Amino acid sequence: MTVISVKSTPVGDGLVLPYAEAGYPDGTPVVFVHGLADSWWSFEPLLRRLPASLHGYAPTQRGHGDADRPPDGYRPEDFAADLVAFLDAVGIDRALLVGSSSGGVQARIVAGSHPDRIEGLVLLGVPATLADKPAALRAQEAVAGFSDPVPRRFVEDLMAATVADGVARGLVETMIEESLKVPARVWQETLLGLLEADLPATLAGILVPTLVIWGDRDEILPRSDQQIILDAIFGARLLVYEGAGHVVHWEQPERVVADLADFAARIARPGAAPFPNSGN
């Protein structure tokens, strides 16, 4: 397993973001983008397993974990701008961008708007839209009435609804504690921003190689949601993880790392054949 170093960097206007870094200096830069209420810890299972061909970075986004908490800037486009600033701050010219859950929204915004900075895009259990997701609407209604501290029971119930059996209890407890660091206003503004945004429009104009990974036991995102992504992004490929739920990189980290390494190798060779186990 590789060693994880935790660092921090300013990304403009005084905003400082912590990030975890792991892997080998000569490896392909891979930037991991977490979803709502997570932090860099969401990718600890992947960072620990990176092969020599990959060099991983996992920033914690504004308002989350131990990152700075500015008074505003919690729309998808704000997180996307921070992501580009992060690439500049740590000196990454081009990266493989990996977004999980709602973090895939800002990842695909960057892939579409800054294709010169992105080698490829990987979406791990990412929604095409949230406007038709009852669970997202219920969560927004719940957090609208919150004040600090956010109720632990809400976070625990949310975690139970998204995590399948087999995930290490220690990781689940860590992610609950990370979620509880997020102020109520960040929950509220981030969820509202996701629900008000035209998320299908963020799929337009993505021309970089794209891999979509989805667990067939995902109770939040149906297969049809992933098909919308495949139809919108030319050449996108789908890998279906049988028996996995919404957070595939917690449930099957070894496979995710292997597929990332394979994807990075394939996009480095433009003539390479498509994935033999592709679902598209």
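See the structure above.
These numbers were taken from a predicted model, which means no experiment stands behind them. (Residues numbered from 1 in each chain as written. Predicted model: local features only at pLDDT ≥ 70, side-chain atom pairs only at ≥ 80, totals over all residues. Heavy atoms only, no water.)

## Some words on the overall build of the chain
- What the chain contains, in helices and strands, is ten helices and eight strands.
- For 280 residues, the compact-globule formula gives about 19 Å, and the C-alpha radius of gyration of the chain, at 17 Å, lands near that figure.
- For the chain, the C-alpha atoms occupy an extent of roughly 55 × 40 × 35 Å along the three principal directions.
- In the chain, buried positions account for 55% of the 280 residues. (Helix = DSSP H or I, 4+ residues; strand = E, 2+ residues; numbered from the N terminus. Rg over C-alpha atoms; globule rule 2.2 N^0.38 Å. Buried < 20%, exposed > 50% of the residue type's maximum accessible area, 1.4 Å probe, protein only.)

## Brief notes about the packing of aromatic side chains
- Going through the model one piece at a time under the given rule, you end up with seven aromatic pairs.
- Pairing Tyr19 with Phe86 gives two aromatic rings, centres 5.2 Å apart and planes at 75 degrees, and the pair type is edge-to-face. Of this pair, Tyr19 sits in strand β2 (residues 16–23) while Phe86 sits in helix α2 (residues 76–89), placing them 67 residues apart in sequence.
- Tyr19 sits in the buried class, given a relative accessible area of 8%.
- Owing to a relative accessible area of 0%, Phe86 belongs among the buried residues under this scheme.
- Taken together, the ring pairs in this structure connect Tyr19, Tyr57 and Phe86 into an aromatic cluster. (Phe/Tyr/Trp six-rings, centres within 6.5 Å; stacked < 30°, edge-to-face > 60°.)

## Focus on α2
- Here α2 spans 20 Å end to end across 14 residues, near enough to the 20 Å set by a 1.5 Å rise per residue.
- Listing the buried residues of α2 in full gives Pro76, Phe79, Ala80, Asp82, Leu83, Val84, Ala85, Phe86 and Leu87.
- Phi turns positive, to about 75 degrees, at Gly91, one or two residues after α2. (Expected span 1.5 Å × (residues − 1).)

Functional significance is not addressed by these values, which are geometric in nature.
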